[in-house]
Amino acid sequence: MTTTPTPATDDAPSAPAPAPGRSAWTTLRPLVLRLHFYAGVMVAPFLLVAALTGLLYAASFQVEKVLYAQELTVPVGDRELPLSEQVAAARAAQPDGEIAAVRPSPEPGATTRVLLSGVPGVDPGHTLAVFVDPYTARVRGELEQYGSTGALPLRTWIDEFHRDLHLGEPGRLYSELAASWLWVIACGGLLLWFSRRRSQRGLRGTTGRRRTLGLHAGVGVWAALGFVFLSATGLTWSAYAGAHIGDLRAALGQETPAVAATAGEHAGHGTAGGAGGDAAHGVGLDRVLAAARSEGLDNPVEIVPPADATSAYVVRQIQRSWPEKQDAVAVDPGTGRITDVLRFEDYPVLAKLTRWGIDLHTGTLFGLANQIALMLLALALILLILWGYRLWWQRGRGSAFGRPVPRGAWQHVPPQVLVPLLALIAVLGYFLPLLGIPLAVFLAVDVVLGEIAHRRGRRTYGPASR
């Protein structure tokens, strides 16, 4: 793995013409090395930000438990009060906004969350979580919450910084650029590592650049599979590549299903004047929760009130750790009967894989072990980038800073290899535009600088060193 950032210089030497009879990989290796090198020029800074913020995000799950212990935990009591009483206490403390959802206490000693939308001063994309003691109905506090994992302010801030640098939609381009190139850098580094002679792989007794390269390559090989996974799963909810992935899943009939939230013929009857978003709508939360329990929906669950007079309550499991609990039911607000059931086991294959991939990427699938693994991957990426910069420095001779990898390698790739490779790059560039566009820019700059060097009579041939 070599993210060796270095700018192309006009007098960079060209790759030597390959000797007759050399293998396809022998001709491709200088091209892979230069691409790996170029990626370090443009992408390593973005990857460094993504790695640092990802490291903080993975750690934030445990920090959140300590920082918000007052709101999240209570002394275990003898008996939980009816859910309707807990919600009424939350509404008395915070009458603004509408109830968006209710998350009953998932375990002994945990608070109930009443989520309110439309509260003045709260980000429109967030909800205000009112934390209620399930044993006494006392309100423990109020915090903004974001997303399906229930991120509180600290984790939300880090999450948004990791995703878009707090710049909104334009900022998402940074994370998509990093995800689009991470797998390319990882796979290129693996190819370069496997192409080296075994005698060059040892660290013992080595010094200088060779030792830096050995550390860089050794850590990169062990972390490469994790990088490819992070890249693939990160792209699933990116702006442009994510849209293409969504379209592909839709075309294959692999979209994530949703429970039918249409109420039965008794909807609107016996509702006590409840309106959309009113948790007291119809038969009430306690009967709705009991109906969901009868269908096997155990904790943790989230109850979403009917959106309007023709809609049903939706109760869904929200556990993101393994084994995931993702079943959902719709409950008629007029009768309290189940009108639809959706089981996670009935999800299409790609919908399941997407769910698992996202949860593994965000550190929730295997809990603390998952979060530690993500922190180690982030730390590995940070080290690889720093070693890459050091390799760049160590390539210099005398006053030269960062002698570049020779250009012109693509000219020596056989047409039977180059043409399919260009076709593959074109397809990938269409589905991953933040891979294709920068790659086209890299190639254009390389050609222009090479032509300038040629016209100045400074193009020379020399070996491509690693």
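Details of the structure are given in the entry above.
Residues numbered from 1 in each chain as written. Predicted model: local features only at pLDDT ≥ 70, side-chain atom pairs only at ≥ 80, totals over all residues. Heavy atoms only, no water.

## Some details on the layout of surface pockets
Phase 1: Each pocket or cavity is described by its volume, and for the second largest pocket that value is around 990 Å³.
Phase 2: Considering the residues around the second largest pocket, the lining is formed by 31 residues, among which Lys-65, Pro-106, Glu-107, Arg-113 and Thr-149 are closest to the centre. (1 Å grid on protein atoms, 1.4 Å probe; cavity = no way out; pocket = protein on both sides within 12 Å on 5 of 7 lines; lining within 4 Å. Points joined across faces, edges and corners; volume = space filled by probe spheres on them.)

## Description of helix 4 (residues 83-93)
Phase 1: Taken together, the buried positions of helix 4 are Leu-83, Gln-86, Val-87, Ala-89 and Ala-90. The buried residues of helix 4 all sit within an arc of 155° when viewed along its axis, so they share a single face. (Buried < 20%, exposed > 50% of the residue type's maximum accessible area, 1.4 Å probe, protein only. Helix = DSSP H or I, 4+ residues; strand = E, 2+ residues; numbered from the N terminus. Arc of directions from axis to C-beta.)

## Side note on the packing of aromatic side chains
Phase 1: Under the definition given, this model contains nine aromatic pairs.
Phase 2: Measuring from ring centre to ring centre gives 5.9 Å for Phe-344 and Trp-356, while their planes differ by 70°; the resulting arrangement is edge-to-face. Within this pair, whereas Phe-344 is found in the loop between strand 8 (338-342) and helix 10 (349-361), its partner Trp-356 is found in helix 10, the two being separated by 12 residues in sequence.
Phase 3: Looking at Trp-356, the relative accessible area reads 26%, which means it is partly exposed.
Phase 4: Through pairs of rings, three or more aromatic residues link up here, namely Trp-322, Phe-344, Tyr-347, Trp-356 and Phe-366.
Phase 5: The cationic tip of Lys-352 hangs over the ring face of Phe-344; the distance from NZ or CZ to the ring centre is 6.0 Å. (Phe/Tyr/Trp six-rings, centres within 6.5 Å; stacked < 30°, edge-to-face > 60°. Lys NZ or Arg CZ within 6 Å of the ring centre and 35° of its normal.)

## Focus: helix 2 (residues 44-67)
Phase 1: With 24 residues, helix 2 should cover 34 Å at 1.5 Å per step; its first-to-last C-alpha distance of 33 Å lies within 8% of that length.
Phase 2: The sharpest bend along helix 2 measures roughly 45° and falls at Ser-60.
Phase 3: Among all positions of helix 2, only Ala-44, Leu-47, Ala-50, Ala-51, Thr-53, Tyr-57, Ala-58, Ser-60, Phe-61 and Glu-64 are buried. (Expected span 1.5 Å × (residues − 1). Bend = angle between axes of the 7 residues up to and from the residue.)

## As for the pattern of salt bridges
Opposite charge on two side chains makes pairing possible when the charged atoms of those side chains draw close.
Phase 1: Taken as a whole and assessed by the stated rule, the structure comprises 10 salt bridges.
Phase 2: Lys-325 is paired through a salt bridge with Asp-298; the nearest N and O atoms lie 3.3 Å apart. Residue Lys-325 is located in the loop between strand 6 (313-317) and strand 7 (328-331), and its partner Asp-298 is located in the loop between helix 9 (285-294) and strand 5 (301-304); the two are separated by 27 residues in the primary sequence.
Phase 3: Glu-302 is paired through a salt bridge with Arg-316; the nearest N and O atoms lie 2.9 Å apart. Here the residue Glu-302 occupies a position in strand 5, and Arg-316 occupies one in strand 6, the gap between them amounting to 14 residues.
Phase 4: Residue classification places Arg-316 among the partly exposed positions, given a relative accessible area of 36%. (Salt bridge = Lys/Arg side-chain N within 4 Å of Asp/Glu carboxyl O.)

## What to know about the pairing of strand 6
Along any regular strand the residues' side chains alternate between the sheet's two faces.
Phase 1: Counting buried positions along strand 6 gives four out of five residues, so the element sits mostly inside the fold.
Phase 2: Relative to strand 6, strand 5 is paired through four bridges, and the arrangement is antiparallel. Pairing of Glu-302 across the sheet is with Arg-316, part of strand 6.
Phase 3: Bridge count for strand 6 against strand 7 is four bridges, and the pairing is antiparallel. Its bridge partner lying in strand 7, Val-315 is registered against Val-329. (Pairing = 2+ DSSP bridges.)

## With respect to the environment of Ala-224
Phase 1: If you trace the backbone, Ala-224 turns up in helix 7 (residues 208-235).
Phase 2: Remark: the alpha-carbon pair of Ala-224 and Trp-183, spanning 41 residues in sequence, is separated by 8.1 Å.
Phase 3: Sequence-distant contacts of Ala-224, defined by excluding residues within four places in its chain, comprise Ala-186 and Leu-190. (Contact = heavy atoms within 4.5 Å.)

## Remarks on the nonpolar core
One broad rule of soluble globular proteins: the nonpolar side chains tend to lie buried together.
Phase 1: Core analysis: the biggest nonpolar cluster contains 36 residues, and Leu-47, Trp-181, Leu-182, Phe-227 and Leu-381 have the highest contact counts within it.
Phase 2: Breaking this core down by element, the ones donating at least two residues are helix 1 (24-42), helix 2, helix 6 (172-195), helix 7, helix 11 (367-394) and helix 13 (433-455).
Phase 3: Ranked by the residues each element gives to this core, the list is headed by helix 6, at nine residues.
Phase 4: Not counting chain neighbours up to four residues away, the residues in contact with Leu-381 comprise Leu-47, Ala-51, Leu-182 and Phe-227.
Phase 5: Ranked by size, the runner-up nonpolar core spans 24 residues in total, among them Val-114, Leu-128, Leu-285 and Leu-289. (Core = buried A, V, L, I, M, F, W, Y, C linked by side-chain atoms within 4.5 Å.)

## Structural notes on the environment of Ala-69
Phase 1: Mapped onto the fold, Ala-69 is located in helix 3 (residues 69-72).
Phase 2: Given a relative accessible area of 29%, Ala-69 falls into the partly exposed group.
Phase 3: In this structure, the C-alpha to C-alpha distance between Ala-69 and Arg-140, residues 71 residues apart in sequence, is 10.0 Å.

## Here we look at a nonpolar patch on the surface
Phase 1: Nonpolar side chains collect at one region of the surface, where Leu-248, Leu-252, Val-349, Leu-350 and Leu-353 lie side by side and expose about 450 Å² of accessible area between them.
Phase 2: By the secondary structure assignment, Leu-248 is in helix 8 (residues 241-251).
Phase 3: By relative accessible area, which is 47% here, Leu-248 ends up partly exposed. (Patch = residues over 30% accessible without salt bridge, like charges linked within 9 Å, V, L, I, M, F, W, Y side chains within 5 Å. Areas by Shrake-Rupley, 256 points an atom, 1.4 Å probe, with all protein chains shown as cover.)

## Looking at unusual backbone geometry
In most cases, non-glycine residues show a negative phi, while peptide bonds are predominantly trans.
Phase 1: Look at the link from Asn-299 to Pro-300: it is a cis peptide, with omega at -5°.
Phase 2: Of note, Pro-300 is situated in the loop between helix 9 and strand 5.
Phase 3: Note that the residue after Trp-322, namely Pro-323, is joined by a cis bond; omega there is -10°.
Phase 4: Locating Pro-323 in the fold gives a position in the loop between strand 6 and strand 7.
Phase 5: Even without a glycine there, the phi angle at Leu-165 is positive, about 60°.
Phase 6: With respect to the helices and strands, Leu-165 occurs in the loop between helix 5 (153-164) and helix 6.

## Let's talk about the pairing of strand 2 (residues 112-117)
Phase 1: Of all six residues making up strand 2, five are buried, and the element is well covered by its neighbours.
Phase 2: Looking at chain direction, strand 1 (residues 98-103) and strand 2 are connected through five bridges and run antiparallel. Along strand 2, the bridge assignment pairs Ile-99 with Leu-116.
Phase 3: Summarising the sheet, strand 2 and strand 3 (residues 127-132) pair through five bridges and their orientation is antiparallel. From the neighbouring strand, Leu-116 faces strand 3, where its bridge partner is Leu-128.

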